[in-house]
Each structure stands twice: as structure tokens, then as C-alpha cells.
Amino acid sequence: MESSIEPSVLAANRETSWSLAVAFAVMIAALAIGPFEVYPVFLMKALCFSLFACAFNLLIGYVGLISFGHALFFGWASYLTAYAAKVGSLSFPFWFGKVTWLVLSLPPQSPEVSILIGTLVAAILGYGTGVIAIRRQGIYFAMITLALSQMMYFFALQAKFTGGEDGIQGVPRGRLFGIFDLSDEKTMYVFVLVVFLAGFLLIYRIINSPFGEVLKAIRENEQRTISLGYRTERYKLLAFVLSATLAGLAGSLNSLVFQLASLTDVHWTMSGDVVLMTLLGGLGTVFGPVVGAFVVIAMQNYLAPFGQWVLVIQGAIFVVCVLAFRRGIVGELAQLLRVGL
Amino acid sequence: MFEILGVPSQALFGQLLLGLINGSFYALLSLGLAVIFGMLNIINFTHGAQYMMGAFAAYLLLQHLGIGYWEALVIAPIVVGATGVVIERLFLQHLRKLDPLYGLLLTFGLGLVIEGLFRNYYGSSGLPYQVPDLLRGGRNLGFMFLPNYRAWVIVLSLAVCLATWFAVERTRLGSYLRAATENPVLVRAFGINVPRMVTLTYGFGVGLAALAGVMAAPIYNVSPQMGSDLIIVVFAVVVIGGMGSIMGAILTGFALGLVEGLTKVFYPEASNTVIFVIMAIVLLIRPSGLFGRSA
């Protein structure tokens, strides 16, 4: 079926690269001034979710696959990073008639290793989920990813190492490469910013590579792409794994920022949040997910005293976006200025 | 009392009964989803919230108007179904020409709005709803104790499912419906008001969800989030069954409820996840689902 998600990013022409460069400069400037004006933890949270939304956008915006289970990667990476940074020991289940645990007692890991572990686990989970989910398209894909992430939510609820309802609390941020003390808010902010920018640029690189062009071709017309000789299954699987990995990176980072990994991170509401951020910012735009993430996080922050109204407002934004505002904030802006953003 | 595979019969049949009860709800909800999907090509993410609205309708009718269970069984589905008709007219009909993903996003948002509103006014704790007098108590079948209300839920749900199957597959109206699913333009040319049929179909699917909600109210407590977790399991059921056939949706619903009940007996840790695991296996072996048409 032909997709009607509007490709706001057209072929990279000169005008587009100009507008992208300007927008990128504005974003860097805002993020550099940010910590002097706004509470740094808020900014770090928004950056983690921006990366999460960009990773999600890689799938929905450029391959046309809507995953309702991205909390799975975000949350599990966050658990693994928190566990590695706080406890460190590895246990493997072995089957000798009954399950026994082989425990390798390791010291708590440094932040870079912890993040690597979390991200790697997200990649592996992404592969497992992707193999199952890409067998169906469209709405089935959404239902399957949602169901699989709910399954992993129950695993997280029952597994011992996740701490159940309590989560993993008091995760030490540690020293990055043994040099930079991340318990300092400014240092942590710079670290989060660097990781975010690396992830952001990587995604930009992916969508403008030959690989990315094939992904867009699959979004526009999968049958035709197959007839041109591409094994679309493989491309979709790789895109899914990349998206899951980057979502995991965002989750790992988030658990170090808040020094906490909890069930909230793996719950389906988290998957809903990232869909909302991307939709509100603009599906298939480069900067949309970042703008959407900042708006949604700010909203959750400032509307928190109003309790359940946050849920109502978020739902209403979904409805308004779908009915009247399908390009999202950045998509509408790009349309207005007639440039690619 | 006797034992089967080391499990006392009371426990085994008790869990199987619970499984059948859950299966009744899976069947009713996945049936509604399948009917709506057939006509509108939309997966109704609001379904869980509408199931919850059905339970709340029963609760509110009793609290404020003194209307009991039996009347609620009829009134609640009609009222909630009417809200479904409004939703279709206001929102969904504008999405017909768009990618089905937008319908999914919109109904997901609507679900959030409804759940948020109910949480605002009624909190997140469960509200009790009494079993109607006529169905209090139960009977001893020798090998197990059967509460009357639970037997009623299974019988009613089976009856409603089969009636729906009959209406869709064996009546004149049903044949219009199936024809309109295949080719709406041609059916319109025969002078049948297809848009109205689509609207009413959505209302009917929503009504089924609300009926399940009323039936669930005396078993589980009435609470705003009662639908959201259930609906994810129902999605897995729908994926396993495939949405091609009405009978498939009914059978898969009941069968998976039973499987879940059995898991509770033999390996309780996995009872929350067994349906999802089955879904993954089915997708690997038969991607279009057990009863689905291969896409």
C-alpha cells in the first residue's frame, strides 16, 4: 500500500542543506546557552528523549513502520546500564535438570562500559523483536511490537535484578574514562549533549546514505523495491535493529542522568510518549523529533501538578495532530518556508 | 477430589474456568476488533477504553439511577455504542483516504483522553459492583465448584459471539456488510448507504466492547485502567487468530483463555506472558495467523 506519510525531507538539494545547516546551528546555540537558563536535569532528560524520538523516527519516518513497543529497548537498556553501573556481577541461567545460575562476580562498571552493555542488549533485543515483527506490515506490526514489549514488561516485573516495583535506585554516575566526574551536573550535561549529537548525526548520516535511500523506497512502495531486486526484509530488519540500538543508547543515558531505572521506562505508556513526540514534531523530518521531545517533556514537567489531565492533553494532541496537523510542528514550518528541515 | 498430573482437580478446573472467563472477554473484544477492522480498515486502539466505559456505565447507572445489572446489560452497550457512532462521525470518517496508521494514532489518543478523564473523576482504585441477586451462589459439580455468575458469563458470551457470527455470515444484512468490505464503491452503486453502514458497524463493535465491560464489572472491580492492559493481550490474540474470519476470532479467544488458565496451574510465573510467547511462535511459523488470509 502506498504510504501517505508526507515526505517533508525531499532529495537533498542545495536549498535543503542550507536550511538544515542553519537549523543545526540554531539547535547547537540553544543547547549551549540552555544550561545557564534552564534546570540542567530537565535539559538532559529532554536530550535523552530527543535521541529516543530520533531513533523512533528512523523507523516511522523513513521506513514507514510504526512500532508501539520502543519502550522495550529504552527500558531494558536502562535496566542493564543501571545494573552494570551499580552491581556489575553477571549471572547466566544454566539448565542442569533445573535452572541454576552461574555468577561471575565483577565490580561495578564504569559509565562508558555500562552504557555499552545497555546499548548492546538493546541491539540484541532489537534483532529478536525485529525478526518476529517484520513478518507483518502496517497495523499488525504495531500490534506485534506492542505485545512483545508488554511481554518484556512482565519479565522486568518478575525478574529479580530489576528490583520489581522499586526499580534500581541510587545508580552511581561514576567517572567517565576514569577522568571526568559525572556527578557534576555540568560535566554530565556536556557528556549527554555529546552522545546526543553523535546519535543525531549518525541518524542523519544513515538517512542520507544509499542504505537510507532504499529505506525511503520501501516506505514509498515496497513491492516496487522488491521488484528492483532489493531484499527489503533485510533492509527493514537492519533499520529496526539500528533504531532499537539508538533507543537503547537513549535509555542507558537516561538511567545515568536520573540514577534510576524503573518500570515506567518499559511500560507501554513510554512507547506512546515517543510516538507522540515524533508525531507532534513531524514524522520524517530531521529536527521534528527533537522539537517534539522538548515540547512533550516540558509539558509533562509543567503540567505535573494537574495530575491525570496530562494524559487527557496528550491524548487530545494525538487527535488534533492526526486530524489537522499531520506534518507536525517542524513539518509545517518547513512547508511554510519551503525548505527541508 | 482426585488429582490430575499431581494437581488437585479443584485447582485445575478452577483455573480452567477462570481461563474460560478470560477467554470469553478475549473472544468478545477480538470479535469487535475484527468486525471494525473489516469495515473501517482501522485497528481500534480505543477498544480497551470503551470496554472500561461499559463497566463504568453499569456502575453509574446503579449509583445514580438505581438501574440494576439486567437493564445495564442492554442500556450500557447502546449508550457506549452511541458514543462510538459520534466518534466515527466526528473523527474516523475523515481518515478514510489516509494511511491506516493515522487511524491507529487517533484511536490511541482517544483512548488516552477517555482513560485520563475517568481517572480524574474516579481515581485509580477499583470500585466494587455486586453480582446480581439472581446469579448469586453456585453449584457443586462434584469435581469442582461452579459459581453461577461465571457460568452465565461464559454462556452469554458464547451466545453473543455465535449470534454475531450468524448475523455477519448468514443474513442479508451481513452479506451487504461483507460485500461492502470487499468493494464499497460497487455496493454503493446498488443503492446501499455504505457510509451509514460503516458508522453503525463501528458503533456495533464498540457496543460489543461495552457489553464485555458490563459482564466484567462484577468479576473484576470497575476501574479506569481495567481496559488498557487487557487490550494489549487482545491484540496478541488478534494477531494469533488473524483478522480474516469471525469464527477464527471467537475460537482463538476462548482457546487462548484456556491455555492461559492451564499455564496458571502448571507454571504460574509464565501466565502473564504465555499468550505473547504463543504469538511470537505463530508469527514465525504462520505469519498470517491461524485463521488469516495470507497477505
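Look up: the structure comes first, before these words.
Here the structure is a predicted model, which is why all the values come from computation and not from measurement. (Residues numbered from 1 in each chain as written. Chains lettered and ligands numbered in written order. Predicted model: local features only at pLDDT ≥ 70, side-chain atom pairs only at ≥ 80, totals over all residues.)

Enquirer: Quick question: what am I supposed to make of the overall build of chain A here?
Expert: Secondary structure assignment for chain A yields 13 helices and six strands. Taking 2.2 N^0.38 as the reference for a compact globule, 341 residues should give roughly 20 Å; the C-alpha atoms of chain A span a radius of gyration of 20 Å, in line with that estimate. Burial analysis of chain A (341 residues in total) assigns 49% to the buried set. Taking all contacts inside chain A whose residues are at least 6 apart in sequence as the whole, residues at least 24 apart take part in 77%. (Helix = DSSP H or I, 4+ residues; strand = E, 2+ residues; numbered from the N terminus. Rg over C-alpha atoms; globule rule 2.2 N^0.38 Å. Buried ≥ 20, exposed ≤ 12 C-beta atoms within 10 Å, placed from the backbone. Contact = placed C-beta atoms within 7 Å.)

Enquirer: How should the overall build of chain B be read in this particular structure?
Expert: Within chain B one finds 11 helices and four strands. For 295 residues, the compact-globule formula gives about 19 Å, and the C-alpha radius of gyration of chain B, at 19 Å, lands near that figure. Each principal axis of the C-alpha distribution contributes one length, and for chain B these read about 65 × 50 × 35 Å. Among the 295 residues that make up chain B, the fraction classed as buried is 49%. Across chain B, the fraction of contacts at a sequence separation of at least 24, relative to all contacts at a separation of at least 6, is 75%.

Enquirer: I'm lost on the environment of V238 of chain B in this one. Help?
Expert: Turning to its location among the elements, V238 of chain B is positioned in helix α9 (residues 226–241). By C-beta crowding, V238 of chain B is classed as buried, having 30 other C-beta atoms within 10 Å. Spatially, the C-alpha atoms of V238 of chain B and N148 of chain B are 29 Å apart, while their sequence positions differ by 90 residues. Setting aside residues up to four positions removed in sequence, V238 of chain B forms contacts with M143 of chain A together with S30, L33, A34 and M243 of chain B.

Enquirer: Help me understand the interface of chain B and chain A, please; the structure alone is not making it clear to me.
Expert: A common way to state how big an interface is: give the accessible area lost once the parts meet. The partner chain A presents 37 residues to the 36 residues of chain B that form the contact. Elements with a contribution of two residues or more to the side of chain B that touches chain A: α4 (100–122), α9 and α11 (274–285) of chain B. Tallied by class, the residues present in the side of chain B that touches chain A amount to 26 nonpolar, six polar and four charged. (Nonpolar A, V, L, I, M, F, W, Y, C, P; charged D, E, K, R; others polar.)

Enquirer: Would you take a moment to explain the packing of helix α2 (residues 47–65) of chain B against helix α3 (residues 69–90) of chain B for this structure?
Expert: Packed helices, taken two at a time, are described by the angle their axes make and the gap between the axes. Residues and elements named next belong to chain B. The interhelical angle for the contact between α2 and α3, taken along N-to-C directions, is 135 degrees, at an axis separation of 9 Å. Taken as axis vectors, α2 and α3 run oblique relative to one another. The chirality of how α2 crosses α3 is right-handed. On the side of α2, the interface is formed by Q50, M53, G54, A57, A58 and L61, while α3 contributes Y69, A72, I75, A76, P77, V79, V80 and G84. (Axes fitted to C-alpha atoms, helices over the stretch in contact; angles between N-to-C directions. Parallel < 35°, antiparallel > 145°, perpendicular 65-115°, else oblique. Left-handed = near helix turned anticlockwise from the far one by under 90°.)

Enquirer: Please clarify how the packing of helix α3 (residues 71–86) of chain A against helix α5 (residues 138–158) of chain A should be interpreted in this entry.
Expert: Residues and elements named next belong to chain A. For the pair α3 and α5, interaxial distance at closest approach is 9 Å and the crossing angle is 25 degrees. It follows from the interaxial angle that α3 and α5 lie roughly parallel. α5 is crossed by α3, and the crossing has left-handed handedness. Of the residues in α5, those in contact with A71, L72, G75, W76 and Y79 of α3 are L148, S149, M152 and A156. The class makeup of the residues in the contact of α3 with α5 is seven nonpolar, two polar and no charged.

Enquirer: Is there a simple way to explain unusual backbone geometry in this structure?
Expert: Leave glycine aside and you will find that most residues have negative phi; peptide bonds, for their part, are mostly trans. The backbone of Q259 of chain A sits at a positive phi, close to 55 degrees, despite the residue not being glycine. You can call Q259 of chain A partly exposed: it has 16 C-beta atoms within 10 Å. If you check the backbone angles, N41 of chain B has positive phi at about 60 degrees while not being a glycine. Note that N41 of chain B resides in the loop between α1 (9–40) and α2. For N41 of chain B, a count of 16 C-beta atoms within 10 Å translates into the label partly exposed.

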